[in-house]
Each structure stands twice: as C-alpha cells, then as structure tokens.
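Reading the structure
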Amino acid sequence: RKVDPKKSKYTMNVFADDRKIEKKDKNLGEPVQFYSGKDRQLYELVVFEMAKNKVSGYLSTPKH
C-alpha cells in the first residue's frame with residue numbers, strides 16, 4: 001500500500017484465508033507474522049529490499 005524508502009518503512013495488506021490483514025509502518029527486516037490455514041499455522045514475512053512502490057523479501061512457512 002505505501003512505501004517510504006527514506007525511513008525504511010512500509011505498509012502492506014496481507015490477504016490470507018479470505019481475510020485482509022493490514023500491517024502498518026513496518027521496518028525493513030522486521031518480521032511480519034500472521035496465522036493462516038485450517039490448522040492456524042504461523043507464517044512469517046520478512047522484507048529486506050524496497051523501491052518506490054515495491055517491496056521484496058521472503059515468506060517463511062511452517063514445517064509439517
């Protein structure tokens with residue numbers, strides 16, 4: 001939704017299980033955690049790069 005490269009902050013919407021979760025003013029490298037799936041497993045999203053209107057990183061999924 002919003003990226004501020006100067007302050008290394010971003011706001012994003014996470015869509016999981018037909019729900020929208022807004023994560024506001026997160027810092028670069030800060031883990032964003034949310035629960036998803038029928039077993040309500042914890043997922044973790046980490047952003048390590050940002051541009052004008054784009055962020056990139058990785059999604060950590062639970063092991064079964």
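Refer to the preceding data block for the structure.
Residues numbered from 1 in each chain as written. Predicted model: local features only at pLDDT ≥ 70, side-chain atom pairs only at ≥ 80, totals over all residues. Heavy atoms only, no water.

1. Focus: the pairing of strand β5 (residues 41-50)
Note the threshold: Two strands are counted as paired when DSSP detects at least two bridges linking them. Segments assigned H or I by DSSP are reported as helices when at least four residues long, segments assigned E as strands when at least two residues long, and all are numbered from the N terminus.
Where strand β4 (residues 31-36) lies against β5, six bridges are found, and the strand directions are antiparallel. Each residue of the ladder has a partner; that of Tyr35, found in β5, is Leu42. The loop that links β4 with its antiparallel partner β5 comprises four residues; one of these, Gly37, has a positive phi angle of about 90 degrees. Bridging between β5 and strand β6 (residues 55-60) involves six bridges; their strand directions are antiparallel. Within β6, the residue paired with Glu49 across the bridge is Ser56. Connecting β5 to the antiparallel partner β6 that follows it, the hairpin turn spans four residues.

2. Details of the packing of aromatic side chains
Here is the rule: Stacked, tilted and edge-to-face pairs are distinguished by plane angle, under 30 degrees for stacked and over 60 for edge-to-face with tilted covering the rest, among Phe, Tyr and Trp rings (Trp via its six-membered ring) whose centres lie within 6.5 Å.
Going through the model one piece at a time under the given rule, you end up with one aromatic pair. Aromatic pair Phe34 and Tyr43: ring centres 5.9 Å apart, planes at 15 degrees, arrangement stacked.

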